[in-house]
Amino acid sequence: MAGQWQHDPPTLRRTRIVCISDTHNASPLTGAFKLPKGDVLIHAGDMSNQGSLSELQRTAEWMEKVDFEAKIVVA
């Protein structure tokens, strides 16, 4: 019809969210635990034992390396 806009149907995309906590210095890169595939990784706390800078740096290093579009840390 003249003058009417035609729209493509919306594309659906599923977002896979992976939520972890209580890793206490463990890393999936060393085989301590497995992370399922996902789009968003949420770490919901207790990522270290003592909260030292070196512990947090180790956790930040493996979090930088895992393959997720977005990473969220809840402290």
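Provided above is the structure to which this section pertains.
Residues numbered from 1 in each chain as written. Predicted model: local features only at pLDDT ≥ 70, side-chain atom pairs only at ≥ 80, totals over all residues. Heavy atoms only, no water.

A.B. asks: Is there a simple way to explain the pattern of salt bridges in this structure?
C.D. replies: Between side chains of opposite charge, a pair can form as their charged atoms come close. Scanning all chains against the criterion turns up three salt bridges. For the salt bridge of arginine 13 with glutamate 69, the shortest nitrogen-to-oxygen distance reads 2.6 Å. Of this pair, arginine 13 sits in the segment before strand S1 (17-20) while glutamate 69 sits in the loop between helix H1 (53-65) and strand S3 (70-73); the two residues are 56 residues apart in sequence, bridging distant segments of the chain. Judged by relative accessible area, arginine 13 falls into the exposed class, the value being 55%. What makes glutamate 69 exposed here is its relative accessible area of 60%. Between aspartate 39 and arginine 16 there is a salt bridge; the shortest N-O distance is 3.4 Å. Of this pair, aspartate 39 sits in the loop between S1 and strand S2 (40-43) while arginine 16 sits in the segment before S1, and the two are 23 residues apart along the sequence. Residue aspartate 39 is classed as buried on the basis of its relative accessible area, which comes to 7%. Residue classification places arginine 16 among the partly exposed residues on the basis of a relative accessible area of 44%. Overlapping salt bridges bring together Arg13, Arg16, Asp39 and Glu69 as one network. (Salt bridge = Lys/Arg side-chain N within 4 Å of Asp/Glu carboxyl O. Helix = DSSP H or I, 4+ residues; strand = E, 2+ residues; numbered from the N terminus. Buried < 20%, exposed > 50% of the residue type's maximum accessible area, 1.4 Å probe, protein only.)

A.B. asks: Please explain the sheet that holds S1 as it appears in this structure.
C.D. replies: Backbone-to-backbone hydrogen bonds pair the strands of a sheet. The strands run either parallel or antiparallel. The three strands are arranged S1-S2-S3 in an open sheet whose pairing can be described as parallel. Two strands lie at the open edges of the sheet, namely S1 and S3, each paired on one side alone. Neighbour-to-neighbour, the strand axes of the sheet open up by a mean angle of 15 degrees, direction not taken into account. (Pairing = 2+ DSSP bridges. Axes fitted to C-alpha atoms, helices over the stretch in contact; angles between N-to-C directions.)

A.B. asks: Help me understand the side chain of serine 27 in this model?
C.D. replies: Mapped onto the elements, serine 27 comes out in the loop between S1 and S2. The contacts of serine 27, once residues within four sequence positions are left out, are Ala32, Phe33 and Trp62. (Contact = heavy atoms within 4.5 Å.)

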